[in-house]
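# Inside the fold
For reference, the chains in residue letters:
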Protein chains: 2
Amino acid sequence: MTITIVGVGLIGGSIAKDLRVSGFAAHIIGVDKDKQNASYALKLGIIDEIMELEKAIPLSDIIIISIPVKAGTKLLPFILDKISTNTVITDVGSTKKDICDAVRMHRNRKQFVAFHPIAGTENSGSKASLEGLFDGKVGIICEKELSDAKALKQIAKMFQTLKMNLLFMDSDSHDLHVAYVSHMPHVISYVLAETVLEVEKSTASIFNLAGSGFASTARLGKSPASMWVPIFEQNSKHISKALDVYIKNLKRFKTSIDKRDVAVMQKDIESANKIREVLDGIKTRSIRKIN
Amino acid sequence: MTITIVGVGLIGGSIAKDLRVSGFAAHIIGVDKDKQNASYALKLGIIDEIMELEKAIPLSDIIIISIPVKAGTKLLPFILDKISTNTVITDVGSTKKDICDAVRMHRNRKQFVAFHPIAGTENSGSKASLEGLFDGKVGIICEKELSDAKALKQIAKMFQTLKMNLLFMDSDSHDLHVAYVSHMPHVISYVLAETVLEVEKSTASIFNLAGSGFASTARLGKSPASMWVPIFEQNSKHISKALDVYIKNLKRFKTSIDKRDVAVMQKDIESANKIREVLDGIKTRSIRKIN
């Protein structure tokens, strides 16, 4: 099977590595406007050749869009215009409503499967790609009723080859939930990093006094703007609501610190501690039935 | 050398393990009001015997207070009242001003060395203790001019045996800086955990949709109230100011999301990204000169 990956970055490159190892892809074409990144991917054998998108489209059984979400939303209708009936297309963006809306009425909509793998790191580029990144992780297919059975089966099979567990959701629910568990944590981490850098004029104090707790909380602060600005833009509404709740809760917690109100702090922390069970669940990577 | 550890939890137990392995301690006495935790530590050979504090004091060359900071602040003058001139005492609390203030005028102040190891995990109890937890980490000695040379030398040697890099600070500066790089990140993480649990009535959605990014940002949300409430209480002033700056920055970031102001988001994220260098510095664990 010939697979074209548009954007051979952390996610695109990691998909390519696993598709090759598993034998799912016989030939992998890389499309990337960053020439240096593409060359690196070619040199490392992540892709078999570099090609212009328009040339790659007719050669592909599957096309995977793996670029920032706003660019992906623009590119998808363009590709759908040109693909033959034998080609299936998917994307791996972290927002799903805008891209689904953009092609809802497209005559070839059924050849597209909207996908989001819950996997990644704070790094980027083909050099950051990892084998086994998707192993045991959750992958979400949105608006599955708008994809035809063949396309759905092929994309599901591909991501199951990467050992992902698949879930189905509508695109707005997807965007709402990931606003809380992924997009908001990124905002929180960016602002933590920014605040500490702003206050600690000398980074030496941070080097010396910060421990693994800070490193853990500020890690997402390293994530690239090129990926995250378009996500914040597209999921603005849900992230904003999530941040309203967060800021309200943060102010309440701060008031209890101001007042040295031990009972309220105790209660809040004990509520937060229930996250232990959830985080242990993420480790075991099982899928749970949503009520 | 006989060492008494008051509070054989994550930190006290980890110190005991390394002091034994290194040969620094010939005999380790455990004092712990949690009988089950103490029995566990004894059974595992983390300590050699369990004893009441008053009996342990005259037998000890070094006493290490490793209990929640408010309890430690109360206990320290009581121990200083009773120790002979041959005994040195230290503590490992995450706040330093209150404990230093509590004994500033004590006749035996010079036998105390105020200490804070920048090391830990979100877990607690002797069962969570780890060998090598302090290896390469920073340890801070506060108000060193109030400790006598012999006490200082002995405590420095002990923590260097644990392979820590030592730094010296006044207690108020210590509390100010750790408010930003440790205490505030804990608040941020607690409130993230609480907010997500509050909104996602079914934890299944969190299990399914949260990835390693959420796990990283919410990890500190697992930390125990018994340790953190007293820290927030004692360092209320500095944490409150840090949270004011954080909330101001968070609101500004939220406004840029609301307005889909790509340029402002880009700028904020690029500022935050500078944390990469700092976090890589934490990994290499070198000490930097503070300007």
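On to the packing of helix α4 (residues 69-82) of chain B against helix α10 (residues 225-234) of chain B, then. In a packed pair of helices, the relevant descriptors are the angle between the two axes and the axis-to-axis distance. Residues and elements named next belong to chain B. At their nearest, the axes of α4 and α10 sit 7 Å apart, and the two run at 70° to each other. One way to sum up the angle between α4 and α10 is to call them roughly perpendicular. Of the residues in α10, those touching α4 at Val69, Lys70 and Thr73 are Pro230, Ile231, Glu233 and Gln234. Here the residues of the contact of α4 with α10 are counted per class, giving three nonpolar, two polar and two charged.

Overlaying chain B with chain A gives an RMSD of 0.0 Å, the required rotation being 180° about an axis along which the chain moves by 0.0 Å. Put plainly, the chains are arranged around a two-fold axis. It is B:Thr217 whose C-alpha, among those of chain B, lies nearest the rotation axis, at 2.2 Å. Taken together, the interface assignments show that 100% of the residues at the interface of chain B recur at the interface of chain A, consistent with an identical surface on both copies.

Turning to the domain arrangement of chain A, a few remarks are in order. Residues and elements named next belong to chain A. In terms of domains, chain A is made up of domain 1 (2-169) and domain 2 (174-284). A C-alpha centroid distance of 30 Å is found between domain 1 and domain 2. Between domain 1 and domain 2, a total of about 1,400 Å² is buried, with carbon and sulfur atoms accounting for 59% of that surface. Of all the elements in the fold, those that place two or more residues in the side of domain 1 that touches domain 2 are α4 (69-82), α5 (97-103) and β7 (138-142). The dominant element in the side of domain 1 that touches domain 2, judged by the number of residues it contributes, is α4, at three residues. Per-class residue counts for the side of domain 1 that touches domain 2 are five nonpolar, five polar and five charged.

Before going further, it helps to spend a moment on the sheet that holds strand β1 (residues 2-6) of chain B. Residues and elements named next belong to chain B. As summarised here, the arrangement of the eight strands in space is β3-β2-β1-β4-β5-β6-β7-β8, forming an open sheet in which the pairing is mixed. Each of the sheet's edge strands pairs with one partner strand only, and the pair in question is β3 (49-50) and β8 (165-169). As paired elements, strand β6 (residues 112-117) and strand β7 (residues 138-142) share four bridges and run antiparallel to each other. Residue pairing across strands places Pro117 opposite Gly139, the latter belonging to β7. Relative to the sheet, α4 contacts β1, β4 (62-65), β5 (88-91) and β6, its axis offset from that of β4 by approximately 160°. Contacting β1, β4, β5, β6, β7 and β8, helix α6 (residues 149-161) runs over the sheet at an angle of about 50° to β5.

Another aspect to go through is α10(B). For α10(B), the tally of buried residues reaches eight of ten residues, placing the bulk of the element in the interior. Among all positions in α10(B), only B:Ala225, B:Trp228, B:Val229, B:Pro230, B:Ile231, B:Phe232, B:Glu233 and B:Gln234 are buried. Buried residues in α10(B) make contact with α11 (236-258) and α12 (262-273) of chain A together with α4, α5 (97-103), α7 (171-199) and α11 (236-258) of chain B.

A separate point is the confidence of the model for chain A. Looking at chain A, pLDDT values average 94 and 96% of them are 70 or higher. Confidence estimates for the predicted assembly give a pTM of 0.93 and an ipTM of 0.92.

Per the counting criterion, the structure on display carries 28 salt bridges over all chains. A salt bridge links A:Asp48 to A:Arg20; the nearest nitrogen and oxygen atoms lie 3.2 Å apart. With A:Asp48 in the loop between α2 (35-43) and β3 (49-50) and A:Arg20 in helix α1 (residues 10-22), the pair connects residues that are 28 residues apart, well separated along the chain. The class of A:Asp48 is partly exposed, set by a relative accessible area of 32%. Here B:Glu122 makes a salt bridge to B:Lys222, at a shortest N to O gap of 3.1 Å. Residue B:Glu122 is located in the loop between β6 and β7, and its partner B:Lys222 is located in the loop between α9 (212-218) and α10; the two are separated by 100 residues in the primary sequence. As far as burial versus exposure is concerned, B:Glu122 and B:Lys222 are alike and both buried. Several salt bridges converge on common partners, so that one network encompasses A:Lys97, A:Asp101, A:Arg104 and A:Glu143.

Between chain B and chain A, the contact holds 97 residues from the first and 97 residues from the second. Across the interface of chain B and chain A, roughly 9,200 Å² is buried in total on both sides, 68% from carbon and sulfur atoms. Inspection of the chain B/chain A interface yields 35 residue pairs in polar contact (both at pLDDT 80 or more). The element best represented in the side of chain B that touches chain A is α11(B), accounting for 18 residues.

Most of the time, phi is negative for any residue but glycine, and the peptide bond is trans. In this model, B:Glu143 sits at a positive phi of 50°, which is unusual for a non-glycine residue. Even without being a glycine, B:Lys163 presents a positive backbone phi close to 70°.

Turning to the pairing of strand β2 (residues 27-31) of chain A, a few remarks are in order. Residues and elements named next belong to chain A. With respect to burial, β2 is a largely interior element, four of its five residues being buried. Relative to β2, strand β1 (residues 2-6) runs parallel, the two being bridged by five bridges. Bridge assignment links Val6 to a residue of β2, and that residue is Val31. At this point the chain moves from β1, through α1, to the parallel β2, and the crossover so formed is right-handed. With two bridges joining them, β2 and β3 adopt parallel strand pairing.

Looking now at α4(A). Residues and elements named next belong to chain A. With 14 residues, α4 should cover 20 Å at 1.5 Å per step; its first-to-last C-alpha distance of 20 Å lies within 8% of that length. Taken as a whole, α4 carries its principal kink of about 30° at Leu75; the proline Pro77 stands between one and four residues after it. Of the residues making up α4, those classed as buried are Val69, Gly72, Thr73, Leu75, Leu76, Ile79 and Leu80.

Note: strands within a sheet are paired through backbone hydrogen bonds, in either parallel or antiparallel orientation. Pairing is mixed in the open sheet, where eight strands are placed in the order β3-β2-β1-β4-β5-β6-β7-β8 (chain A). Unpaired on one side and paired on the other, β3 and β8 (165-169) of chain A mark the two borders of the sheet.

Residue and element names in this part refer to chain A. Burial along strand β5 (residues 88-91) is two-sided: the residues Val88 and Thr90 and Ile89 and Asp91 are all buried. Sheet topology places strand β4 (residues 62-65) next to β5; four bridges connect them, and they run parallel. In the sheet register, Ile63 faces β5, and the bridge partner there is Ile89. Regarding topology, α4 serves as the crossover connection from β4 to the parallel β5, and that connection is right-handed. In this view, the connection linking β5 to its parallel neighbour strand β6 (residues 112-117) by way of α5 has right-handed handedness.

Conventions adopted
Residues numbered from 1 in each chain as written. Chains lettered and ligands numbered in written order. Predicted model: local features only at pLDDT ≥ 70, side-chain atom pairs only at ≥ 80, totals over all residues. Heavy atoms only, no water. Axes fitted to C-alpha atoms, helices over the stretch in contact; angles between N-to-C directions. Helix = DSSP H or I, 4+ residues; strand = E, 2+ residues; numbered from the N terminus. Parallel < 35°, antiparallel > 145°, perpendicular 65-115°, else oblique. Contact = heavy atoms within 4.5 Å. Nonpolar A, V, L, I, M, F, W, Y, C, P; charged D, E, K, R; others polar. Least-squares fit on C-alpha atoms with pLDDT ≥ 70 in both. Domains from an automatic or database assignment. Buried area = accessible area lost by both parts, 1.4 Å probe. Pairing = 2+ DSSP bridges. Buried < 20%, exposed > 50% of the residue type's maximum accessible area, 1.4 Å probe, protein only. pLDDT = per-residue confidence, 0-100. Salt bridge = Lys/Arg side-chain N within 4 Å of Asp/Glu carboxyl O. Polar contact = N/O pair within 3.5 Å; in protein donor to acceptor, adjacent residues only side chain to side chain. Right-handed = clockwise from strand over helix to strand, strands pointing away. Expected span 1.5 Å × (residues − 1). Bend = angle between axes of the 7 residues up to and from the residue.

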